[in-house]
Amino acid sequence: MQSVANAEAAIVADFEWFETWAEKYQYIIELGQKLPAMDGVFQTDDYKIKGCQSSVWLHCKIENGLLFFEADSDSTFVKGLVSLLIQVLNGRPADEILGATLTFIDAIGLRQHLAQTRANGLASMIKQIKTYALAYSSQVQ
Amino acid sequence: MNHPNTQNEFDVAAIRNHFPILQTSVYNLPLVYFDNAATTQKPQAVIDAITNYYSKYNANIHRGVHYLSQIASQAYDDVRIKTQKFLGAAQASEIVFVRGTTEAVNLVAATYGRQQLKAGDEILISHMEHHSNIVPWQILAQQTGAVLKVIPINKNGELDMQAFYVLCTAKTKIVSVTYVSNALGTINPVKEIIDNAHKQGAVVLIDGAQAVSHFDLDVQELNCDFFACSAHKMLGPTGIGVLYGKHHLLTQMPPYMGGGDMIQSVSFNGTTYNEVPYKFEAGTPHIEGVIAWGAALDYWQTINRAQAMQHEQSLLNYCTNQLQQIKRVKIIGTAANKCSVCSFVIEGVSNFDAGMFLDTMGIAVRTGQHCTEPLMDALGVKGTIRASFFFYNTIAEVDKLIAAVKKCIDVLAK
């Protein structure tokens, strides 16, 4: 499996094709549309991420010490953002997830459009993913 | 529907030239600014007033005997008189400068409210209030044991006035309602509310944040006891707003904050307070903000308001009509009496996605709950997409919005 840094670099390379914000938006929407639907049993308040304008649910399952995420949202754009995070962080051990700096978000120019973190919930999603990783790593230690 | 031909009467193109930001582009597209209910753009005259103040007569006010302080104090005090005239207050001393509508409501709740209310008294608000006209009263209710009552709304987003008459009783001590709903644009029958509340012995605060920039009003004619508004929603800068209060009420109210300028004399044996309105303006005020607000009021005088109102109404009616023709679009808030706000939802598209999509096309709207969570719950929506207009917007801009909404549905609808 490629490193976190390489996975991030691959996303940055994908985004280099796009010149305008509209193109990037369209691409993120396509990623969101392609993200597999989440199992409905996890679409409950227990899995809901607080602090987002849109409803976002995130579930984590652990297989052989690796963390796998699935997520859903009423916003296709937010699903696209989740899809990017999953591309980078899915199927990794907790320590790699906790160490990920996720610099790709700045590199692809998303930060300037997502300044309103409360609205899009990107920061909350990252925090929740890292919370899962932290909980698991302290459990196994 | 044909394009309404209002531009001939009302020279929008000339007016737009007064607003530098309206000449700018976002993502290489001309900016279409439909988030005026959140804040309006500023004319050059307002921007110049800020620069002028800092370039030519920056000084602290009401304290210095020196030349600059005299000029700045005079400029500051002149704006109080301009604001008095603008709102139709009887005296300039009834105008208190605050940070904005939110602070004005909090001030009344924390002073008049804490002084006058006791356990079992009732505060009456409505279901369509902005959070800033809900939470201060909840805090007051917790502090005093008073009870918060809420006027319900009907499915069109209008106040249920029959319910109001039942809810407004001799127990009601404060009624606080919005003149115009920030989320729906509904214009409420505040005169009727004020008259009836007075019969019951209650005082009335009108949240005028969304009203002042869209039609003329007169606080003496309304006979409200308090009136709150924000400069930035009417051409002025952020961080400055107005609380109007009837003189005898302001006089009997205790101070809100302690500090400089609000006192007459201070000793450790006791402090005497300055007279109104200075009693409520502790500390160095937002001098530049007040002066720029004055420039906004001057600019306001140059606008033919009857034509401006008619133009805004044309924008609202045209936008509503066009949106209603799009399958999947539903207008939220269909009150008979509305101004400047068109809220809607798109079936199969989240409000957030739609807002982001419109942004990529250079169109600024607001999405979400608009700080009116109880209202959204009552209407059974998670939030809306809100286009809000001001007199500098054009029919051509509405056409861009309509085209963008159609495209948004093509790309996003599930």
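What counts and what doesn't
What you see as residue numbers is a count from 1 along each chain, following the sequence as written. Chains carry letters from A onward and ligands carry numbers from 1 onward, assigned in written order. Totals for whole chains, interfaces and linings use every residue, but because this is a predicted model, local features are given only for residues with pLDDT of at least 70 and side-chain atom pairs only at 80 or more, for both listing and counting. The basis for the side-chain values is all heavy atoms of the structure; hydrogens and waters are excluded. Nonpolar core, defined: a set of buried Ala, Val, Leu, Ile, Met, Phe, Trp, Tyr and Cys residues in which side-chain atoms within 4.5 Å join the residues together. For every residue, the accessible area (1.4 Å probe, protein chains only) is compared with the maximum for its type, and the residue is labelled buried under 20%, exposed over 50%, or partly exposed between those bounds. Secondary structure elements follow DSSP: runs of H or I of four or more residues count as helices, runs of E of two or more count as strands, with numbering from the N terminus. Boundaries between domains were set according to an automatic or database domain assignment. For two strands to count as paired, DSSP must find a minimum of two bridges between them. Each axis is a line fitted through C-alpha atoms, and for a helix only the stretch in contact is used; angles between axes span 0 to 180 degrees, taken between their N-to-C directions. By the convention used here, residues are in contact when the closest approach between their heavy atoms is within 4.5 Å. Buried and open spaces are told apart on a 1 Å grid over the protein atoms alone, a cavity being a set of points where a 1.4 Å probe fits but cannot get out and a pocket being an open set with protein on both sides within 12 Å along at least five of seven lines. Residues with an atom within 4 Å of a point are the lining residues. Grid points are joined across faces, edges and corners, and a volume is the space filled by probe spheres set on the points. Put simply, a salt bridge is a Lys or Arg side-chain nitrogen that is within 4 Å of an Asp or Glu carboxyl oxygen.

(A) Inspection of the nonpolar core at higher detail. Judged by nonpolar contacts, the single largest core of 81 residues is most densely connected at Leu87(B), Tyr179(B), Phe227(B), Trp293(B) and Phe391(B). The element best represented in this core is helix α10 (residues 287-302) of chain B, accounting for ten residues. Two domains each donate at least three residues to this core, and these are domain 1 (12-42 + 304-412) and domain 2 (48-300) of chain B. The next biggest cluster of nonpolar side chains, apart from the first, holds 77 residues, and it includes Leu84(A), Val88(A), Ala133(A) and Ile331(B).

(B) Highlighting the sheet that holds strand β6 (residues 147-151) of chain B. Residues and elements named next belong to chain B. Across the sheet, which stays open at both edges, the seven strands sit in the order β4-β10-β9-β8-β7-β5-β6 with mixed pairing between neighbours. Every other strand in the sheet has two partners, leaving β4 (95-98) and β6 as the edge strands with one partner each. Between one strand axis and the next, the sheet turns through 20 degrees on average, direction left out of account. When strand β9 (residues 226-230) meets strand β10 (residues 241-245), the two strands line up antiparallel, connected through five bridges. Bridge assignment links Ala-228 to a residue of β10, and that residue is Leu-243. Contacts between helix α5 (residues 135-144) and the sheet are confined to β5 (122-126), β6, β7 (172-178) and β8 (203-207), with β5 contributing the most and set at about 165 degrees to the helix.

(C) Looking closely at the layout of surface pockets. Residue and element names in this part refer to chain B. Computed from the structure, the second largest pocket encloses a volume of approximately 320 Å³. If you go around the second largest pocket, you meet 23 residues; those closest to its centre are Thr-102, His-130, Ser-132, Gln-210 and Lys-233. Of the domains in this structure, domain 1 (12-42 + 304-412) and domain 2 (48-300) are the two that each give at least three residues to the lining of the second largest pocket.

(D) Summary view of the pattern of salt bridges. Residues and elements named next belong to chain B. All told, the structure shown has twelve salt bridges over all chains when counted by the stated rule. In this structure, Asp-121 and Lys-118 form a salt bridge, with 3.4 Å as the shortest nitrogen-oxygen distance. Judged by its relative accessible area of 6%, Asp-121 is buried. The exposed category is assigned to Lys-118, whose relative accessible area is 52%.

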